[in-house]
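One letter stands for each residue in the lines below.
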Amino acid sequence: MKMVRKAAGAFVAVAVAMLAMAHSASAQAGFGAPKPWQMNFQEPATPVMAEVVSFHNFLTVLITLISLFVLGLLLYIIWRFNAKANPVPSKNSHNTMLEVVWTVIPITILVIMAIPSFRLLYKADVVPDAAKVREWYGINVAGTIDIKAIGNQWFWSYEYPNERIKFDAFCGVGPIEGACFSQDATPKRPRLLATTESVVVPVNALVRLLTVGQDVIHAWAMPAFGVKIDAVPGRTNHAWFVATREGTYFGQCSELCGQGHGYMPITVEVVSQQRYQQWLTSKRAEMAVKNGTQFAAN
Amino acid sequence: MSSAYGGAHAQDAHAHHGPTGWRRWAYSTNHKDIGTMYLVFACVFGIVGGLISVLIRMELQEPGMQLLAEGDYHQFNVFTTAHGLIMVFFLIMPALIGGFGNWFIPLMIGAPDMAFPRLNNMSFWFMIPSAIMLVGSVFAGDGAGTGWTVYAPLSTSGHSGPAVDMAILSLHLAGASSILSSLNFITTIFNMRAPGMTLHRMPLFVWSQLVTTFLLLLSLPVLAGAITMLLTDRNFGTAFYEAARGGDPILYQHLFWFFGHPEVYVLVLPAFGIVSHVVATFSKKPIFGYLGMAYAMVAIGAVGFVVWAHHMYTAGMSVDTEAYFLAATLVIAVPTGIKIFSWLATMWGGSIEFKTPMLWAVGMIFMFTVGGVTGVVLANSPVTTAFHDTYYVVGHFHYVMAMGALFGIFAGWYYWIGKMSGRQYNETLGKGHFWLTMVGVNLTFFPMHFSGLAGMPRRIPDYPDAFSGWNYVSSIGSYIGFAAALLFVYIAIRTITSGERVGANYWGEGATSLEWTVDSPAPHHTHETMPHVR
């Protein structure tokens, strides 16, 4: 048990170290998009995703070893017990000890796997407060922000209820069919990932995300944050993240929602506190120009 | 008609008095003829489903729209939906359960036929309108683009027109067919075993079918209820799944996966049964740990009923519920591990001949292990938050379906085709088919894990350019895999028309179950006098 707890502790240590490395390696802004021939996760931008990555690395080593063990046994059997090498088969068909061993060892492996898994599940799923985040990751949380993401066929709408801001984010340049065509794509605004408006959040802020579906089920996903949560009509789901690296991050709708399913991406910009305030100011002005938003009307 | 009760000679005469021509097949109550029809049916729809998968891969070969017109994205969803439903309901189930189950349960337990031969006929003929309606749904209106899971409300308020109704009715018929088959199989297995064949002496293939049919019998009625409510939501103004009127879309997901998860074991358990026979036969050894093998399948079936919501980790369940499903799902790895290691132990010390069926069985053991271990990764809900609805999941379940269940089907086909047709396949062609398939499916499905890790969502007709590399590899792999499927059709036709004739037990000392005591091809009526099992 002690060993298991130690192992769990190691995951956090590795995760935090990885995150620190990611920070120092790229003093420049983060860019959360897939790369050609990518074979692993995107670089994590939140401590939870860093933990998911290190837990997954552990799992990958484990399953690779298990697969290689089975492959090795098979190859040995093929070499040693083919009809030429072993013309007379044994008639052995029982070995209680062996059967106990190959039941108990997998159970042990699964228990070792389950403990960090449970711990990470409860951390990632239950929205913490600032004190918890500091306790877990040593991050001084810079404020708490609530954002509501509303899935529509086929774009996302966002509300910042406390800031009285509301806007729609379409694929590419606008709500025109085919707006995700390549002509408006640039390396910084990749095709099928960039949106007309970004969700803007300050770095190190605790973001509490609420999702709801307007028509059918959608899912709000952000690979670099380790967030994926369905937006279901008639119920409000929640998720949270603390993005610790400034930059632009991309995700895509992750629940089949009809013909435009591949065309409702998600863009999040993680910016400094100062730039966030500027954005809020300009956004509020925009809302005022639009002459009273739904918030004002309500 | 008194001759029917006479000796062996009289029975032979009787066999020739059965209906001939089209009546023999349309009116058939004979388990072998019905089994043959199921196998032909599965082969036809396997090619149809495979062709659709090639269309999917052609569309995804490069970024941008390739095959379909820009804006015709719905058609892509229609393809993925039809591919999934056809492969599950019209390839794997008819081949493994309707085909091999019908053929070999009576032969293996020493029964003359199934318990309810007319019901058996009805089960098969339900599949024809079911298949017509499913294929028809592709062309009716806009087609059903709901995914094989048919989630509400996309399948209710999100889809007007007749296509989804047709798909639902198709599933109803296929489900009814399977429920009737299951009743028939269970009754046969419980009541018609030869004297001396206790449950604990029953061949593992029969055990696998027993567990499978119980899973079907208990899970399909839940699917039927769930999709009936879809139907009434769509057409009769009910609101079971409509949140705005007090319904719950997530209720549908719970009901669907209460069926859907046992269903995946329905698809693979009969393949487990076949692999057990093939491995024992070609190792010339009895199966290792017989009771452990049988009860591992029972355990997989039982636990398989209480893990369904691991398909719903991102649906917004309470964290304690997720924790339970995480733990329960991990448990499945234990009986599955017992099966893998028992197969290895059966081969250990054997004198193994690597004929074509054995290649498929060994291929299945390793590929299923790979699909199994990624399943263990996916059981961990915090990791699955990242993987849910990405290509990692697509890669995982194709390893267990295309390389688990389908490799099992091919192992069974090469193993038993001599018994069923009286003619043997060509060994060189069979091995070529195996290696070509092996290259094709691995090239198709392994890179999907990478696409999924990088974040590529499922069920999208076009993708960000960075995903193009691995998608190109997957597409090339699928063309190789489909070429292998066409090679199989050639091998099958060639075997049946001009294969070498074989005797009763053409595999020799390793083949010990009762089907090897009757002639090849198995006569129309077998085991008319009960064999005694010592």
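Residues numbered from 1 in each chain as written. Chains lettered and ligands numbered in written order. Predicted model: local features only at pLDDT ≥ 70, side-chain atom pairs only at ≥ 80, totals over all residues. Heavy atoms only, no water.

A.B. asks: Help me out: how do you make sense of the environment of I229(A) in this one?
C.D. replies: Tracing the backbone shows I229(A) in strand β8 (residues 227-231). Measuring from C-alpha to C-alpha, the distance between I229(A) and A194(A) comes to 20 Å, with 35 residues separating the pair along the chain. Excluding anything up to four places from it in sequence, I229(A) contacts L209(A), T211(A), H218(A), A219(A), W220(A), N237(A), H238(A), A239(A), T314(B) and G316(B). (Helix = DSSP H or I, 4+ residues; strand = E, 2+ residues; numbered from the N terminus. Contact = heavy atoms within 4.5 Å.)

A.B. asks: Got a minute to help me understand the pattern of salt bridges in this structure?
C.D. replies: Pairing is possible between side chains that carry opposite charge, provided their charged atoms lie close to one another. All names here are of chain B. The full count for this structure, using the stated rule, is 17 salt bridges over all chains. Of the charged contacts, one joins R24 and D33 as a salt bridge, the two residues approaching to 2.8 Å between their closest N and O atoms. Note on R24: relative accessible area 31%, which makes it partly exposed. Since its relative accessible area comes to 4%, D33 is described here as buried. (Salt bridge = Lys/Arg side-chain N within 4 Å of Asp/Glu carboxyl O. Buried < 20%, exposed > 50% of the residue type's maximum accessible area, 1.4 Å probe, protein only.)

A.B. asks: Please clarify how the domain arrangement of chain A should be interpreted in this entry.
C.D. replies: When the parts come together, some accessible area is lost, and that loss is often what is quoted as the size of the interface. Residue and element names in this part refer to chain A. Entries for chain A in the domain assignment read domain 1 (2-87 + 94-125) and domain 2 (141-297). If you look at the interface, domain 1 gives 21 residues, while domain 2 gives 20 residues. Between domain 1 and domain 2 lies a buried interface of about 1,600 Å² when both sides are counted; carbon and sulfur atoms form 55% of it. Linking domain 1 to domain 2 there are 1 salt bridge. A salt bridge links R245 to E43; the nearest nitrogen and oxygen atoms lie 3.2 Å apart. Among the secondary structure elements, those contributing two or more residues to the side of domain 1 that touches domain 2 are α1 (2-25), β1 (30-32), α2 (47-80) and α3 (96-125). In the side of domain 1 that touches domain 2, the residues fall into 12 nonpolar, 6 polar and 3 charged. (Domains from an automatic or database assignment. Buried area = accessible area lost by both parts, 1.4 Å probe. Nonpolar A, V, L, I, M, F, W, Y, C, P; charged D, E, K, R; others polar.)

A.B. asks: What should I look at first to understand the nonpolar core in this one?
C.D. replies: Where a protein is soluble and globular, its nonpolar side chains tend to be buried together. Counting 217 residues, the largest nonpolar core has F90(B), F100(B), Y252(B) and W416(B) as its most contacted members. The element best represented in this core is helix α4 (residues 73-109) of chain B, accounting for 24 residues. Two domains each provide a minimum of three residues to this core, namely domain 1 (2-87 + 94-125) and domain 2 (141-297) of chain A. If near-sequence neighbours (up to four positions away) are discounted, F90(B) is found in contact with F41(B), A42(B), F45(B), L85(B), M127(B), S130(B), A131(B), L134(B), S170(B) and A174(B). Core analysis: the next-biggest nonpolar cluster, separate from the first, contains 41 residues, L209(A), L256(A), I266(A) and V271(A) among them. (Core = buried A, V, L, I, M, F, W, Y, C linked by side-chain atoms within 4.5 Å.)

A.B. asks: Help me understand the packing of α4(B) against helix α6 (residues 163-191) of chain B in this model?
C.D. replies: Helix-helix packing is described using two parameters, namely the angle between the two axes and the distance between the axes. Residue and element names in this part refer to chain B. The N-to-C vectors of α4 and α6 enclose an angle of 20 degrees; their axes lie 11 Å apart at closest approach. Classed by the angle they form, the pair α4 and α6 counts as roughly parallel. Here the hand of the crossing between α4 and α6 comes out left-handed. Contacts between α4 and α6 involve L85, F89, F90, M93, I97, G101, N102, I105 and I109 on the former and, on the latter, S170, L171, A174, S178, F185, T188 and I189. Of the residues belonging to the contact of α4 with α6, the class tally is 11 nonpolar, 5 polar and no charged. (Axes fitted to C-alpha atoms, helices over the stretch in contact; angles between N-to-C directions. Parallel < 35°, antiparallel > 145°, perpendicular 65-115°, else oblique. Left-handed = near helix turned anticlockwise from the far one by under 90°.)

A.B. asks: Sorry if this is basic, but what is going on with the sheet that holds strand β6 (residues 206-213) of chain A here?
C.D. replies: Strand pairs in the sheet, formed through backbone hydrogen bonds, run parallel or antiparallel to each other. All names here are of chain A. As summarised here, the arrangement of the 5 strands in space is β4-β3-β2-β6-β9, forming an open sheet in which the pairing is mixed. Of all the strands in the sheet, the pair left with one neighbour each is β4 (165-169) and β9 (237-242). Going from strand to strand, the sheet's axes swing by 25 degrees on average, the running direction of each strand aside. Summarising the sheet, β6 and β9 pair through 6 bridges and their orientation is antiparallel. (Pairing = 2+ DSSP bridges.)

A.B. asks: Just checking my understanding: could you explain the interface of chain A and chain B for this structure?
C.D. replies: The interface of chain A with chain B comprises 83 residues on the first partner and 94 residues on the second. When the area that chain A buries against chain B is broken down by residue, the three leading residues are W102(A), K228(A) and L256(A), summing to 10%. Where chain A meets chain B, there are 3 salt bridges. Put simply, D248(B) and R235(A) hold a salt bridge, and the shortest N to O gap is 3.3 Å. Applying the counting rule to chain A against chain B returns 26 residue pairs in polar contact (both at pLDDT 80 or more). Broken down by secondary-structure element, the contributors of at least two residues to the side of chain A that touches chain B are α2, α3 and β8 of chain A. It is α2(A) that contributes the most residues to the side of chain A that touches chain B, 16 residues altogether. A class-by-class count of the residues in the side of chain A that touches chain B yields 48 nonpolar, 24 polar and 11 charged. (Polar contact = N/O pair within 3.5 Å; in protein donor to acceptor, adjacent residues only side chain to side chain.)

A.B. asks: Looking at this structure, how should I read the sheet that holds strand β10 (residues 247-252) of chain A?
C.D. replies: All names here are of chain A. In space, the 4 strands of this open sheet follow the order β1-β10-β11-β5, with mixed pairing throughout. At either end of the open sheet lies a strand with only one pairing partner, and these are β1 and β5 (199-202). Strand-to-strand, the axes of this sheet are offset by a mean angle of 20 degrees, without reference to chain direction. Sheet topology note: the β10/strand β11 (residues 265-271) ladder contains 6 bridges and is antiparallel. Across the sheet, F250 pairs through a bridge with T267, a residue of β11. Sheet contacts for helix α5 (residues 273-289): β5 and β11; angle to β5, the most-contacted strand, approximately 140 degrees.

A.B. asks: I would appreciate a short explanation of the confidence of the model for chain B in the present structure.
C.D. replies: Detailed reading of the predicted model is not advised wherever pLDDT is low. All names here are of chain B. When pLDDT is averaged along chain B, the result is 94, and 97% of the positions lie at 70 or above. Low pLDDT (under 50) marks residues 1-14, which in the prediction has 6 contacts with non-local residues, meaning those over four places away or in another chain. In the model output, the complex is listed with pTM 0.94 alongside ipTM 0.93. (pLDDT = per-residue confidence, 0-100.)

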